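Okay, here's what each chain looks like letter by letter:
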Amino acid sequence: MAELAIQVNENDIQQIFKELGLTGKDSGVMTKDWVKSPSGVSLVSSNPTTGDKLGEVLCAGDKDYETAVQNAQDAFEDWRMRPAPARGEVIRQLGDELRKHKDALGRLIALENGKIYSEGLGEVQEAIDICDFAVGLSRQLYGLAMHSERPGHRMYEQWHPLGTVGVITAFNFPCAVWFWNAAIATVCGNTMVWKPSEKTPLISIAIMGIINKVLKENDAEGVMNLVIGADKTPLSEQFTPIRI
């Protein structure tokens, strides 16, 4: 028989929160460090299985978003010059931290997302796997070397980072999809801003808590940034999306 849902009590939830650094009322903005008092609205996260409140998140306002983007752009100037294998080392450490907290993250995914426990663990394992892949990729950013018809010349390909990229993830894969994008983008020399689903904010906050620790230890603050906001804001409604 399939496991339908994770069964936990209040003490279990508090233990999960404690391990992952959650307080029950957390900031939804991390840029170089946590913004303690974001200027956006308050968001309540609930367990979809029971409807019980899990925690409260203080969302980003327009100024918080602008700060996160600016910090990501500033960090890019230094990050792009760090050798790719050194960038890969940061991702290697991040993968190791995910291994340490795999069970707690898997349980939190089951609680907030509604997946069965084994699926929650599977998502974290996918994140670990892509970190391992990205570490190897950091030493394999090859380019072609080609002959030229001009005497004394050669042609070659050299890949350069794009800059600051945005990552938007849906509620149904609140962990794995972020890492599929972020791990690869990081070793390629990019910085990023993550806008996760407002339906699963606690998972993204827990993940960024782990990331923030690794970034600080490697003098890489601002490489990855988190902005949790309401689904729609007056600012977002001023613009028409461009699809390419």
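In case you missed it, the structure is sitting above this.
K.L.:
Sorry if this is basic, but what is going on with the nonpolar core here?
P.N.:
The nonpolar side chains of a soluble globular protein tend to be buried with one another. Grouped together as the largest cluster of nonpolar side chains are 51 residues, with contacts concentrated most on Leu20, Trp178, Phe179, Ile207, Ile211 and Met224. Per-element tally for this core: the top contributor is helix H7 (residues 201–217), with 10 residues. Those residues in contact with Trp178, other than ones at most four positions away along the chain, are Val167, Thr169, Met192, Trp194, Ile207, Met208, Ile211 and Met224.

K.L.:
Can you walk me through the pairing of strand S8 (residues 164–168) in this structure?
P.N.:
Two faces, one strand: in a regular strand the side chains alternate between the faces of the sheet. The pairing of S8 with strand S9 (residues 191–195) spans 5 bridges and is classified as parallel. Its bridge partner being in S9, Ile168 is matched across the sheet by Lys195. In this fold, the crossover linking S8 to S9 by way of helix H6 (residues 176–187) has right-handed handedness.

K.L.:
Honestly, unusual backbone geometry in this entry has me stumped. Any pointers?
P.N.:
Positioned with a positive phi, Lys32 is a non-glycine residue whose angle comes to about 70 degrees. With respect to the secondary-structure elements, Lys32 resides in the loop between strand S2 (29–31) and strand S3 (33–34). Of note in the backbone geometry, Asp219 takes a positive phi value of approximately 50 degrees without being a glycine. Tracing the backbone through its elements, the reader meets Asp219 in the loop between H7 and strand S10 (224–227).

K.L.:
What is the right way to look at the packing of helix H5 (residues 117–137) against H6 in this model?
P.N.:
Two measures define how a pair of helices packs: the angle their axes make with one another and the distance between the axes. Interaxial distance between H5 and H6 falls to 9 Å at its minimum, and their mutual angle equals 15 degrees. As summarised for this structure, H5 and H6 are arranged roughly parallel, according to the angle between their axes. Relative to H6, the crossing made by H5 is right-handed. Mapping the contact onto sequence places Glu123, Glu126, Ala127, Ile130, Cys131, Phe133, Ala134 and Leu137 in H5 and Ala176, Phe179, Trp180, Ala183, Ile184 and Val187 in H6. Split by residue class, the contact of H5 with H6 holds 12 nonpolar, no polar and 2 charged.

K.L.:
Even after reading the chapter, I still don't get the sheet that holds S2, so can you show me in this structure?
P.N.:
Remark on secondary structure: sheet strands pair via backbone hydrogen bonds, oriented parallel or antiparallel. Read across the open sheet, the 5 strands follow the order S3-S2-S10-S9-S8; overall the sheet is mixed. On the outer flanks of this sheet lie S3 and S8, each paired with one strand and no other. Helix-sheet contacts for H7 involve S2, S3, S9 and S10, and the interaxial angle to S10 is about 155 degrees.

K.L.:
Would you explain H5 in this entry?
P.N.:
The α-helix advances 3.6 residues per turn, and as a result positions three or four apart in sequence lie on the same side. Over its 21 residues, H5 runs 30 Å from end to end, which matches the ideal 30 Å to within 8%, given 1.5 Å per residue. Within H5, the full set of buried residues consists of Tyr117, Gly120, Glu123, Val124, Ala127, Ile128, Ile130, Cys131 and Ala134. Angular distribution of buried residues about the axis of H5 spans 160 degrees; they occupy a single face of the element. The secondary structure elements touched by the buried residues of H5 are helix H3 (84–100), helix H4 (102–113) and H6.

K.L.:
So what exactly am I meant to see when it comes to helix H1 (residues 10–20) here?
P.N.:
Where H1 is concerned, the buried positions are Ile13, Ile16, Phe17 and Leu20. Taken end-on, H1 shows its buried residues confined to a sector of 100 degrees, consistent with a single buried face. Exposed residues pointing more than 90 degrees away from the buried face of H1 are listed as Asn11 and Lys18. In the core, the buried residues of H1 are packed alongside strand S5 (53–58), H4 and H7. Taken from the residues just after H1, Gly21 is the one with a positive phi, measuring 75 degrees.

K.L.:
Before we go on, may I ask you to explain the sheet that holds strand S4 (residues 42–46) in this structure?
P.N.:
Read from one edge to the other, the open sheet built from 3 strands follows the order S1-S5-S4, with strand pairing classed as mixed. Strand pairing shows two members of the sheet lacking a second neighbour, strand S1 (25–27) and S4, which therefore form its edges. Within this sheet the neighbouring strands show an average axis-to-axis angle of 30 degrees, counted without direction. The pairing of S1 with S5 spans 3 bridges and is parallel. Across the sheet, residue Lys25 finds its bridge partner in S5, namely Glu56.

K.L.:
Can you help me understand the pairing of S10 in this one?
P.N.:
Burial along S10 is two-sided: Met224 and Leu226 facing one way and Asn225 and Val227 facing the other are all buried. Sheet topology places S2 next to S10; 2 bridges connect them, and they run antiparallel. Bridged to Met30 within S10 is Leu226. In this view, the connection linking S9 to its parallel neighbour S10 by way of H7 has right-handed handedness.

Here is what the cut-offs are and how they apply
- Residues numbered from 1 in each chain as written.
- Predicted model: local features only at pLDDT ≥ 70, side-chain atom pairs only at ≥ 80, totals over all residues.
- Heavy atoms only, no water.
- Core = buried A, V, L, I, M, F, W, Y, C linked by side-chain atoms within 4.5 Å.
- Buried < 20%, exposed > 50% of the residue type's maximum accessible area, 1.4 Å probe, protein only.
- Helix = DSSP H or I, 4+ residues; strand = E, 2+ residues; numbered from the N terminus.
- Contact = heavy atoms within 4.5 Å.
- Pairing = 2+ DSSP bridges.
- Right-handed = clockwise from strand over helix to strand, strands pointing away.
- Axes fitted to C-alpha atoms, helices over the stretch in contact; angles between N-to-C directions.
- Parallel < 35°, antiparallel > 145°, perpendicular 65-115°, else oblique.
- Left-handed = near helix turned anticlockwise from the far one by under 90°.
- Nonpolar A, V, L, I, M, F, W, Y, C, P; charged D, E, K, R; others polar.
- Expected span 1.5 Å × (residues − 1).
- Arc of directions from axis to C-beta.

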